Amino acid sequence: MSSESAKRKPAPIRKLEESVINRIAAGEIINRPSNALKELLENSLDAGATSISIGVKDGGLKLLQIQDNGHGIRTEDLPLVCERFTTSKLKVYEDLSTIQTYGFRGEALASISHVSHLSITTKQADSECAYKASYSDGKLVPAKPGGSCEPEPCAGNNGTILVAEDLFYNIPSRKSALKNSRDEYNRIFEVASRYAVHNAGVAFTCRKIGAPKADLNTLQGATAITNIRQIFGAKVASSLVDIDHSDDHYAFRFKGQISSASHEMHKSIFLLFINHRLVDHTPIKRAVESLYTSVLPKASRPFVYLDLQIKPENVDVNVHPTKREVRFLNEDTIVAAIVDCIHKKLMSSSSSKTIALQSVPDIDARAELTHDISTL
């Protein structure tokens, strides 16, 4: 170490400005347009929407719009709706143990408002008109320079329209890393299509603004298998079998559609919803895909749609900034039950293949991949 380095004094510790803190937090929660869409979709579903329309320009970076017919936002709540940690779904920390809504932290809209130009138009059923508000850094701002910050009355249908423009305009490094608008749109479509399968009673549309027709267009009241057929194709849908299993002792249930032993597809598709959240869970995915390795034709990959419901107090939903991952009690038992149920279903639905039980991954080996919530 040089004498000059030894003499250098440490820099003083300073408290970051609120705007810096909020922008850093926003970058963790909203790291690409598809993350923003997921948060907005979940808001619409929490609002009881039965119809959700998505409009996208330049992969969501130039514009991302979502319109629903939900119950709308109270006019008096518009000044607060984009401030961090403002929510209608949580009052005390203990409420997390029974939370059954998608949102709960009150960070999604705040984060989007810190990295885009956000506007909200909303109308409740008992309101005479809609109201439109514009936001920047969590606060109400004038729609035009010199105008009023207050929400303005306007024409509109029941529900809410949220428009995020110029996403990451103030984070140049993030924006430059997301140059491929086609890739970003594909990610948006993937999120929308998965929620359309899981929320089959809700009508979903997703289109590029200016395109002659929507890429996703599901009908209200359609079934999950109907939406799978429309999104992933008739060949995939025709090869699926149903699963359904419940366990009262450990308080969980799962159901869904999975590939039969005759399924042939070169790309693995894995849709996992835990308590209606689209999540990743490596132990479940690895165990299921390992089972299929010895079942499907060579080079084929499975399609799995799994709707897993666990007693809310047994699930920790607050372990990831984007809520993409969750942890839950009795993971080993639940993973084993899923694999066992799929194994039995494949055996009963296949007359041409014998599926060896020893091909199912050992539970002790899988246990190394799981973490009991009690150790958090």
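Predicted model, so just to flag it, every value in this text is computed and none were measured. (Residues numbered from 1 in each chain as written. Predicted model: local features only at pLDDT ≥ 70, side-chain atom pairs only at ≥ 80, totals over all residues. Heavy atoms only, no water.)

(A) Expanded view of unusual backbone geometry. Here the phi dihedral of Phe168 falls at roughly 65°; this positive angle occurs in a residue that is not glycine. Within the secondary structure, Phe168 is located in the loop between strand E7 (159-165) and helix H5 (172-177). Using a relative accessible area of 0% as the deciding quantity, one classes Phe168 as buried. Residues other than glycine seldom take positive phi values, yet Ala299 does so here, at roughly 75°. With respect to the helices, strands and loops of the structure, Ala299 is situated in the loop between helix H9 (282-293) and strand E14 (303-310). When its relative accessible area of 44% is taken as the criterion, Ala299 is described as partly exposed. (Helix = DSSP H or I, 4+ residues; strand = E, 2+ residues; numbered from the N terminus. Buried < 20%, exposed > 50% of the residue type's maximum accessible area, 1.4 Å probe, protein only.)

(B) Looking closely at the pairing of E7. Along E7, five of the seven residues are buried, which leaves the element largely enclosed by surrounding structure. Inspection of the sheet shows strand E2 (residues 63-68) paired to E7 by six bridges, in the antiparallel sense. Pairing of Asp68 across the sheet is with Thr160, part of E7. (Pairing = 2+ DSSP bridges.)

(C) Examining the packing of aromatic side chains more closely. One pass over the structure, following the stated rule, counts four aromatic pairs. For the ring pair Phe252 and Phe254, a centre distance of 6.3 Å and an interplane angle of 10° mean the geometry is stacked. Of the two residues, Phe252 and Phe254, both sit in the buried class. Residues Phe273 and Tyr305 carry aromatic rings whose centres are separated by 6.4 Å and whose planes lie at 80° to one another, so their mutual orientation is edge-to-face. In this pair, Phe273 is assigned in strand E12 (residues 269-274) and Tyr305 in strand E14, connecting sequence segments 32 residues apart. Summarising the burial analysis for this pair, Phe273 and Tyr305 share the class buried. Of the aromatic side chains, those joined through ring pairs into one cluster are Tyr195, Phe273 and Tyr305. Here the basic side chain of Arg174 rests over the ring of Phe168, its NZ or CZ set 5.3 Å away from the ring centre. (Phe/Tyr/Trp six-rings, centres within 6.5 Å; stacked < 30°, edge-to-face > 60°. Lys NZ or Arg CZ within 6 Å of the ring centre and 35° of its normal.)

Everything listed here is a matter of geometry and, on its own, says nothing about what the molecule does.
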